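Close look at the chain arrangement
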Amino acid sequence: MDTAVSSSTVPATSPWLRIKHWLTHLSLRQVFVLVVAVGLLAPGVIFTLLMLEWRRHELTLQFRGEQERVLETLALGLRQPLWDLSLNAGQPLVDTAMKDVRIVSVQVDGTFPGEPFIAVSLPERRQGVVTHLSRPVNFGDQIIGKVTITFDDGDLRRRLAAQGREYVLLIGVMLVVSLLLILLLLDSRFLVPLRRLSEQARALTNHEAPLGTVWTREDEIGDLGRQLEWARGELHRLFGELNDKNEALEQDIVERVQTEEALRASEAKYRELFVSNLDGICVVDMDGRVLDANPAMLALLGVPSAALVGRPMSQFVAEDWRSYDDHMMQHRVLVDGHCNEYEIELYRPSAGLLPVSAKGVLMRDVDGRAIGIWRILRDLTERKAAAQRMELAAKVFDNTAEAIMVIAPDNRITSVNRAFTDILGYHADEIVGQPSSVLRDPSVDIKVYEEINANYTHGGAWQGEVPFRRKSGGVFTAWAQINVVRDVTGRIGDVVLLIRDISDAKAAQERILHLARFDALTVLPNRAYFRELAEEAIAEAHRHGVHRALLFVDLDHFKTINDSLGHDVGDQLLKEVANRLNDALRAGDAVGRLGGDEFVILLRNLDSGEDASYVASRVLERLARPFVVEEHELVVTPSLGIALYPEDGEDYDTLVRNADAAMYHAKEHGRNTFRFYTADMNARAREILAVENQLRRALERDEFVLHYQPQVAMSSGAIVGVEALIRWRHPERGLIGPMQFIPIAEERGLIGDIGEWVLREACRQNRAWQDEGLPPIEVAVNLSAMQFYRRDLAEDITGILKETGLDARWLALEVTESVIVQDVESTIATLAALKAMGLKLAIDDFGTGYSSLSYLKRFKVDKLKVDRSFVMDIPGDADDSAITRAVVNLARNLGLQVIAEGVETPEQWSFLKQEGCDEVQGYLVSPPLPAIDLANRLARGAWTLQG
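Reference entry: report on the structure contained in this document. (Residues numbered from 1 in each chain as written. Predicted model: local features only at pLDDT ≥ 70, side-chain atom pairs only at ≥ 80, totals over all residues. Heavy atoms only, no water.)

**Quick look at empty space enclosed by the protein**
Scanning the entire structure with this criterion turns up 5 cavities of 30 Å³ or more. In this structure, the largest cavity spans a volume of roughly 250 Å³. Contributing to the lining of the largest cavity are 18 residues, with Ser436, Tyr449, Asn453, Ile482 and Leu497 lying nearest its centre. Elements with a contribution of two residues or more to the lining of the largest cavity: strand S10 (403–407), helix H13 (446–459), strand S12 (461–469), strand S13 (475–486) and strand S14 (492–501). Here the element with the most residues in the lining of the largest cavity is H13; it accounts for 4 residues. Among the residues forming the lining of the largest cavity, the class breakdown is 13 nonpolar, 4 polar and 1 charged. (1 Å grid on protein atoms, 1.4 Å probe; cavity = no way out; pocket = protein on both sides within 12 Å on 5 of 7 lines; lining within 4 Å. Points joined across faces, edges and corners; volume = space filled by probe spheres on them. Helix = DSSP H or I, 4+ residues; strand = E, 2+ residues; numbered from the N terminus. Nonpolar A, V, L, I, M, F, W, Y, C, P; charged D, E, K, R; others polar.)

Structure below.
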């Protein structure tokens, strides 16, 4: 049964219920609009559709008639052309017909087979549905052809569509005008009066009393409006009477409430004073039992209300004070009605004794009879602690290590402690009463002290460094802490000044700052501080659009001196270099030490690159003179790189990096010179770094090899010696000559290990040649500066000779002239030690250094080697010829042999032989050869100019 009912019920979500729900929520105006619109719209739509259908039928019939007329006209006009078979007569008729845009094609067929007589087609005119119409062409009773015309109904469709739009627009305008007229009539005669009735009913429901509404209509709406207006008037009268009665009742209630609230306020005020008082208050009866106590009293005794109320107050007074307290109650309060404060101790069950001040006031009733006593107790713990703190503060004031001074509002000193006398020298009786200005440093601007006064006056406190003048007149720096003491009104009272002497700490801080900024050895700005100076100079140059320059200075072969003579000598040399660098600078320039033997110079006043060249030349000039350090006469030369701001970089890091690259470029060009930075130097610097990294692994990978260049006696043409020349078998670049990696090895400290390998390998190879039965010859090995100045050089060579089995007389050591003059005394000792071993010694590149002839006679050497730079242009160059001739004569006079290197032409050979040169080497004789090729050459014996 339930199922049947459920199935017959309309679902809650059915479209009908939703439409019904929507209709019930429409306003009356919306319902009127909906009914009128639907009532007008439906007939209008039906009428429009009927009119459109009638018009479509009429236009279609008209179109069909026009097609038949065109076809008939064309058929009649083509009779004679078809009969005469005259295409020229028929073609104009067809072209005239084709001017009708509704015709897509025209085809005229004759009675003869084959192609049509005339055929014209314009397929692009086809826009809708086409119709094909045909008619025979008669000539008398005979059919002589047929005309077929294809019509397109696109024009008909457009005319129908335009006609439909006109009818819809017309009907729409008529519907809108009708709807507006009906709505205006309904609104004025029906909806507006209903809205007035609704407003009257709403005002009546809300008990509002607006002005009366007058209804003049005589229909049902007017009657309803007048009835509502009568009900409104009656309701307004009833509400007025009710309000008058309510006002009288409210007045009575207000007066009663005010009286009750006054009583409650009085009681609450008394209770609030009693409860919120910070002093302990209790009420006791005439027998001394507690009747009531406030929270402060309960907190004072540390007991709950139940443990106090109803019990004698005397139980909570300390036993030693009970008689005194009872005396004050009986003989003061009961007699005089009150007593002044007196001190007793209370006994607290949970916390022991508590010092308090007590006071009593007698309570009387309206008849003046005593009915109880007010007892007021105040905790004295904080007051006693404050007194102790004051005593402690006085002791601290007198015994603290810092000077304390109290200044009154009139700026006069009112108190000082003992430390004040110790620090400033004034006794209390000398300084008290004096103005505080007597302690000011007279050299300091008065505005400084005025600013300090303004700061602590407005802020209440201030601290910072202040100079003070002692009684003796001396001035010291102190750390002052100033605090203002204000009275209850906020006005400044005393000013407390604490003074701590920090002059020693300031001096220590300055020393620490100096150590943090300056190099401990040379007292020049260190790396970090110089960077600050340079960046400030660069920023200033950027603001003013001026130039700056950085000069990177590196000492040539300094590591050799450091390793051979010790770090103490190296440190003293760096100090001397720093002093000379400072002497070479102009006013405003700065020099700093980056570390080791690297210095950097900042040029501030720079008009052009020539100014940097001038300073660089001064540096070279100052450092060219020998240094005397601990009885060692040392010669050290610098290599300088110059980078200009902003051309070579706009920040410090870029300028230093580019100046460093320029410095390495200077080293590659002979050292003891300077170079300006160019863009390709960075690529060269990266190449140097790559070579350095590969050099560190070259020894481990056995990538080095020795070639040997013969040295020939000019008198006999026999090979008397060879010079061992290192080559690097690079895994990627092939065989590399020494000029491409030896300078890098020297600069990066790798030359020591490489030189030791060359010495050992040359000795081993020479011994191997001798073991093969070849004639013994000398093998010459170049010593680097680092090797030459090693303290254990003689021991190392002795070990290598012993290890390889080579006799010392077959080993010759070559040292450049620039190396041996760095430290003359050390050089003489080293040469003597090597000479004692039986080795041959030669000075390489003679004539290119700075040696003195007085030193030369003290050097125990065997040969002088004329540098190739003098040999290459002889005999054509008169200067080089004269220098070579002088060197040969000098050697002969000193009893030394002379060997010339770089001999490449027969003319050079002839000149040298004529001047008395002993030996030569060069490409005229032979290029450097691998060991096996040289062995074959030795086996052949003497060398001749022809072969």
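There is more to say after this.
**Details of the sheet that holds strand S16 (residues 590–595)**
As summarised here, the arrangement of the 5 strands in space is S16-S17-S15-S20-S21, forming an open sheet in which the pairing is mixed. With one partner strand each, in any of the chains shown, S16 and strand S21 (674–676) form the two edges of the open sheet. Here the average twist between neighbouring strands, direction ignored, is 20°. Summarising the sheet, strand S15 (residues 547–555) and strand S20 (residues 638–645) pair through 8 bridges and their orientation is antiparallel. Note that in S20 the partner of Asp554 across the bridge is Ser639. In the packing of helix H17 (residues 567–584) onto the sheet, contacts are made with S15, S16 and strand S17 (598–606), and the angle to S17 comes to roughly 10°. (Pairing = 2+ DSSP bridges. Axes fitted to C-alpha atoms, helices over the stretch in contact; angles between N-to-C directions. Contact = heavy atoms within 4.5 Å.)

**Here we look at the sheet that holds strand S7 (residues 342–348)**
As summarised here, the arrangement of the 5 strands in space is S6-S5-S9-S8-S7, forming an open sheet in which the pairing is antiparallel. This sheet does not close on itself; its edge strands, each paired only once, are strand S6 (290–293) and S7. Going across the sheet, the axis of each strand differs from the next one's by a mean of 35°, ignoring polarity. Examined bridge by bridge, strand S5 (residues 280–284) and strand S9 (residues 370–379) share 5 bridges and lie antiparallel to one another. By the bridge assignment for S9, Ile281 is matched with Ile376.

**Re the packing of aromatic side chains**
Per the counting criterion, the structure on display carries 12 aromatic pairs. Measuring from centroid to centroid gives 6.0 Å for Phe704 and Trp757, while their planes differ by 50°, and the two rings are tilted. Taken together, the residues span a long stretch of sequence, with Phe704 in strand S22 (residues 704–713) and Trp757 in helix H22 (residues 751–771) at a distance of 53 residues. A relative accessible area of 19% means that Trp757 is categorised as buried. Grouping aromatic residues by their ring pairs yields a cluster made of Phe704, Trp728, Phe741 and Trp757. We note Arg580 situated over the ring of Phe627; from NZ or CZ to the ring centre the distance is 3.5 Å. (Phe/Tyr/Trp six-rings, centres within 6.5 Å; stacked < 30°, edge-to-face > 60°. Buried < 20%, exposed > 50% of the residue type's maximum accessible area, 1.4 Å probe, protein only. Lys NZ or Arg CZ within 6 Å of the ring centre and 35° of its normal.)

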